[in-house]
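Per-entry structural report
Below, each chain spelled out in residue letters.
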Amino acid sequence: MAYIFEEPSHTFDEYLLVPGYTGPDCIPANVSLQTPVVRYNKKAGEKCPLTMNIPMTSAVMQAVSDDKLAVALAKEGGISFIFGSQTIENQAAMVARVKAYKAGFVTSDTNIGPDNTLTELVEKVEQTGHSTVAVTDDGTANGKLVGIITDRDFRMSHCAPDAKVKDYMTPLANLVLAKDGISLEDANDLIWKNKINQLPVVDNNGKLVYFVFRKDAASHQEHPLELLDNQKRYIVGAGINTRDYMERVPALLEAGVDVMTLDSSEGFTEWQRRALQDIHAKWPNAKVGAGNVVDADGFNFLAEAGADFVKIGIGGGSICITREQKGIGRGQATATIEVAKARDAYYEKTGIYIPICSDGGIVYDHHVTLALAMGADFVMLGRYFARFDESPTNKLIVNGNYVKEYWGEGSNRARNWQRYDLGGKKGMAFEEGVDSYVPYAGSLHDNVTLTCSKVIHAMCNCGVVNIPDLQKNAKITMVSAASIREGGAHDVIVKNTVKAN
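Residues numbered from 1 in each chain as written. Predicted model: local features only at pLDDT ≥ 70, side-chain atom pairs only at ≥ 80, totals over all residues. Heavy atoms only, no water.

This part is about the overall build of the chain. Within the chain one finds 15 helices and 23 strands. Its C-alpha radius of gyration of 25 Å places the chain within 12% of the 23 Å reference for a compact globule of 501 residues. Along the three orthogonal principal directions, the C-alpha set of the chain runs to about 85 × 55 × 55 Å. Counted over contacts in the chain with a minimum sequence separation of 6, partners at least 24 positions apart contribute 65%. Accessible surface, the chain: about 24,100 Å² in total, of which carbon and sulfur atoms supply 51%. Here the chain contributes 51 positively and 61 negatively charged side chains, and the mean placements of these two sets differ by 1 Å. (Helix = DSSP H or I, 4+ residues; strand = E, 2+ residues; numbered from the N terminus. Rg over C-alpha atoms; globule rule 2.2 N^0.38 Å. Contact = heavy atoms within 4.5 Å. Areas by Shrake-Rupley, 256 points an atom, 1.4 Å probe, with all protein chains shown as cover. Lys, Arg positive; Asp, Glu negative; His and termini not counted. Charge placed at Lys NZ, Arg CZ, Asp CG, Glu CD.)

Here you go:
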């Protein structure tokens, strides 16, 4: 007969952390949220080749992870996995744009030639929204720099429409320049010393490479945890599938992707095993996560297949209806606990540490801390990031409130049926996600900072200053429905209701 789990599966909302001893050194300033992302030989003393500074990644979703959100999250120390339900060319272009957005060094995409008209200049500025435009000899992004023109250099009401850019630009002779290879610190020093707003960076042939802006210097100071590669470029991930991976992976690697993940509602499959083995055979240095799974068998299968990290969770996402449609899934807390035990057992047996990612089921900020305490190395969030300015969806007013659109990759809107179709007859596909709205929540920076602050303070309450110690020393208790009610405001009239994340 079928194997039946005797214990019910549980969600994060059914647990609380029990405080531990908080010593004198256990203060927020001493807490590190750094966490490994990919497998490494921990017992041999190997250093993990890719880590994050905060344990948060954004989901592989059209409504969540594009290049804009990837840059914003990398600034905070996390990784965005750019959605794969698009053409290979478009996804690779998104990755390339993130990698071109070198921390503090901005690739110009609003260039113009000296003989272009001011009318043409205004049209270009309106398209991109950039007020500073590089003037290159051929009008291309990497042409030889001949000047700069900004919106303060001319007024269309006082100029002829066919006036030339070269007559209003600041010419090369009057510009302060830097050579390619300059450090961000030295570039910022030049900006402040010369009291300028932007510093063009050129190569040995005088061709434009980057801009460094005064406003970005302050931004750089605001993001001390930003996640950079060895070339000072932002770290970025991407989602892939089990069908076109032999064409998609090389394009993403060429674009500079740092890590990929197989994106599926269920990862305990022959297709994921083949994909992992094919990719690692052809590109041995590629980092590829896999999933999703909900038990030890699923984890061990993907670990043996070569997964660099394993994602946990089926049916726990706010827009996911897999459990309703197919009756497949498991409570996210129970799944995380079991897979964490399997991860630890695999490490004891092999010496190889394979990070695990809890994907879905995060409703409140404290659920992040619980997921980490239960063994997750990091979490993946969809709804959470969909609410922010940086997500790619529309901001609307619905019933008098600001919202953002949010839909699942298994929804009809995503039109990504092959991801869920195992080769059945035509017309057998069905939705496993919904199309919805989420309350608009403002900037990613402000919200991620608040969430991480809550995680840090909770860790101090548990008497730990890093995630490995939280995983090892946390005390977790199950709670009753009555104690859940007791944990919120009750028996009072609340003056100002604060919406939870």
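After that view of the structure, there is still more to cover.
An order of β10-β11-β12 is seen for the 3 strands of this open sheet, with the pairing classed as mixed. Edge strands, defined here as strands with exactly one partner in the open sheet, are β10 (178-179) and β12 (208-213). This element, helix α4 (residues 184-194), spans β10, β11 (198-202) and β12 of the sheet and lies at about 65° to β12. (Pairing = 2+ DSSP bridges. Axes fitted to C-alpha atoms, helices over the stretch in contact; angles between N-to-C directions.)

With 108 residues, the main nonpolar core has M56, I79, F299 and F385 as its most contacted residues. Non-local contacts of I79, meaning those with residues more than four positions away in its chain, are made with V37, L50, M52, M56, T57, S58, L73, L227, I235, V236, G237 and V259. (Core = buried A, V, L, I, M, F, W, Y, C linked by side-chain atoms within 4.5 Å. Buried < 20%, exposed > 50% of the residue type's maximum accessible area, 1.4 Å probe, protein only.)

Restricting attention to buried positions, one finds in helix α8 (residues 296-305) the residues A296, G298, F299, L302, A303 and A305. Contacts from the buried residues of α8 go to α7 (270-282), β15 (288-293), β16 (310-312), α10 (332-350) and β18 (356-359). Phi for G306, located one or two positions after α8, is positive at around 105°.

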